[in-house]
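Structural characterization, general
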Amino acid sequence: MSHVTVERVALIGGGVIGAGWGARFLLNGIDVRVYDPDPETKRKFDAVYENAERACTELTRGGLPEPGRLQISDTLEHACAGAEFVQESLPERMALKQSVLAQVSEITPHDAIIASSTSGLLPTQLQQNCKHPERIVVGHPFNPVYLMPLVEVCGGQQTSPETISTAMNLYRHLGMHPLHVRKEVDAFIADRLMEALWREALHMINEDVATAEEIDTALSYGPGLRWAFMGSFLTYRLAGGEAGMRHFLEHFAPALELPWTKLQAPAWNDELLDKLCAQSDDQAGDLPLRDLETLRDNCLVAIIQGLSQHNYAAGKTLTEYKNHLNHPDAT
């Protein structure tokens, strides 16, 4: 793991994703300044940090460094002053992100990298109004940011290779697994896959084939367990037995021509919205949000720690991260 010397990070946007980034940076000993006009930002950050500290301490068996310091900034200028790295996590509106990123590029040090947490907007468009656009890159995380290791890193047409490399090294330093998205595409890689699954699930709810809880049960008790460490293609290869992927495809590829799934989303209307929300409420029951977050985090910690015993997939990332925590000066 490459040695990283970033000491101060600016966070632009303090919602669920921004607060998750804040917790991950702070728990790695990096000072954070956050700018968000929401007067509840500090309270929300504290709630997320409390969850993150408990979960990450359990995940690493207490090997975390002395935490960084958090400051809530009143202005964008204060947050960005002296920042070596900026992580923007604003709502998914192109005009808003372009405007703010352009401002940030004017007021940050000339060598500071500016990363956007966007889940699908293209970096070439995000960087078009920025000073030194070669510093702009996408660093798309997954919730909860303080536990999920994947971060998709994608550069625009003007992003320099050095920016991509430096950003990926920093994310590794944070205990994450950066995946370089080599070609710009809407929604990158993981969200495109999740969107396809989400659309099919909406059709099943809309047509009363299954409820939200039944769909989640089908995933979490079935393919989701394999997806945690193998994904689809290696799983299918094993399903082909000794003959491998070719044997699997000879048997199952013809099914691709059958009308099993519907890629186009169903018509979105109030009836479907009400049905989905009611089913989600039934599924959650009486458990408050924080209890559900704790349950989610506990399950993620258990799965990642279990995988670490085999030094595989997300477990390998955890092993490398713990080795880095124990030997921070190693390169």
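Right above here is the structure, for reference.
Anyway, here's the lowdown on the structure attached to this text. Just so it is clear, the model here is predicted, and its values are computed rather than measured.

What to know about the sheet that holds strand β4 (residues 85–88)
- Reading across the sheet, the 8 strands line up as β3-β2-β1-β4-β5-β6-β7-β8 and stay open at both edges, with mixed pairing between neighbours. Lying at the two open borders of the sheet, with one neighbouring strand each, are β3 (70–73) and β8 (177–180). Sheet twist, expressed as the average angle between the axes of neighbouring strands with direction ignored, equals 25 degrees.
- Taken strand by strand, helix α2 (residues 41–59) contacts β1 (8–12), β2 (31–35) and β3, and its axis lies near 155 degrees from that of β3.

Structural notes on the nonpolar core
- With 41 residues, the main nonpolar core has L11, W21, F25, F85, Y146, L147 and Y171 as its most contacted residues.
- Among residues more than four places away in sequence, those in contact with F25 are V9, L11, I30, V32, F85, Q87, L170 and L174.
- With 20 residues, the next largest nonpolar core counts A10, I12, A83 and L90 among its residues.

Focus on the pairing of β1
- With 4 of 5 residues buried, β1 is to be regarded as a mostly interior element.
- As paired elements, β1 and β2 share 5 bridges and run parallel to each other. The partner of I12 across the bridge, within β2, is Y35.
- Looking at chain direction, β1 and β4 are connected through 4 bridges and run parallel. Bridge pairing links A10 to V86 in β4.

Here we look at unusual backbone geometry
- Cis geometry is adopted by the peptide bond preceding P144, which originates at N143 and carries an omega value of 0 degrees.
- With respect to the helices and strands, the residue P144 is situated in the loop between β6 (136–140) and β7 (150–155).
- For A313, which is not a glycine, the phi torsion comes out positive at approximately 50 degrees.
- Its location among the elements puts A313 in the loop between α13 (289–308) and α14 (314–326).

Points about empty space enclosed by the protein
- Scanning the model with the defined rule gives 1 cavity of 30 Å³ or more in all.
- The space that makes up the largest cavity amounts to roughly 140 Å³.
- Every residue lining the largest cavity is counted, 17 residues in all, and those nearest its centre are R24, L59, L147, G175 and Y321.
- Those elements that provide at least two residues to the lining of the largest cavity are α2 and α14.
- Of the residues forming the lining of the largest cavity, the biggest block, 4 residues, is contributed by α14.
- Classifying every residue of the lining of the largest cavity by side-chain character gives 12 nonpolar, 4 polar and 1 charged.

Focus on a nonpolar patch on the surface
- Together, F229, L234, L238 and Y312 make up an exposed nonpolar region whose accessible area comes to about 350 Å².
- Classification of L234 as partly exposed rests on a relative accessible area of 32%.

A closer look at the packing of α2 against α13
- At a minimum axis distance of 10 Å, the contact between α2 and α13 shows a crossing angle of 25 degrees. Classed by the angle they form, the pair α2 and α13 counts as roughly parallel. Considering only the axes of α2 and α13, their crossing is right-handed. Each of A47, N51, R54, A55, E58 and L59 in α2 lies in contact with α13, whose residues at this interface are R290, E293, T294, D297, N298, V301, I304 and Q305.
- Split into classes, the residues belonging to the contact of α2 with α13 amount to 5 nonpolar, 4 polar and 5 charged.

Topic: the pattern of salt bridges
- Under the definition given, this model contains 12 salt bridges.
- Measuring nitrogen to oxygen at the nearest pair gives 2.7 Å for the salt bridge that ties R69 to D31. With R69 in the loop between α2 and β3 and D31 in strand β2, this pair connects stretches of sequence that are 38 residues apart.
- Among the residues examined, D31 registers a relative accessible area of 18% and is labelled buried.
- Between K44 and D38 there is a salt bridge, with the nearest N and O atoms lying 2.8 Å from each other.
- Residue D38 is classed as partly exposed on the basis of its relative accessible area, which comes to 25%.
- A network of salt bridges, in which partner residues are shared, links E88, E92 and K97.

Section: the side chain of R33
- Counting through the fold element by element, R33 comes out in strand β2.
- Beyond its immediate stretch of four places on either side in the chain, R33 contacts R8, V9, A10, L11, Q71, S73, H78, A79 and A81.

Calculation criteria
Residues numbered from 1 in each chain as written. Predicted model: local features only at pLDDT ≥ 70, side-chain atom pairs only at ≥ 80, totals over all residues. Heavy atoms only, no water. Pairing = 2+ DSSP bridges. Helix = DSSP H or I, 4+ residues; strand = E, 2+ residues; numbered from the N terminus. Axes fitted to C-alpha atoms, helices over the stretch in contact; angles between N-to-C directions. Contact = heavy atoms within 4.5 Å. Core = buried A, V, L, I, M, F, W, Y, C linked by side-chain atoms within 4.5 Å. Buried < 20%, exposed > 50% of the residue type's maximum accessible area, 1.4 Å probe, protein only. 1 Å grid on protein atoms, 1.4 Å probe; cavity = no way out; pocket = protein on both sides within 12 Å on 5 of 7 lines; lining within 4 Å. Points joined across faces, edges and corners; volume = space filled by probe spheres on them. Nonpolar A, V, L, I, M, F, W, Y, C, P; charged D, E, K, R; others polar. Patch = residues over 30% accessible without salt bridge, like charges linked within 9 Å, V, L, I, M, F, W, Y side chains within 5 Å. Areas by Shrake-Rupley, 256 points an atom, 1.4 Å probe, with all protein chains shown as cover. Salt bridge = Lys/Arg side-chain N within 4 Å of Asp/Glu carboxyl O. Parallel < 35°, antiparallel > 145°, perpendicular 65-115°, else oblique. Left-handed = near helix turned anticlockwise from the far one by under 90°.

These values are about where atoms sit, not about what they do.
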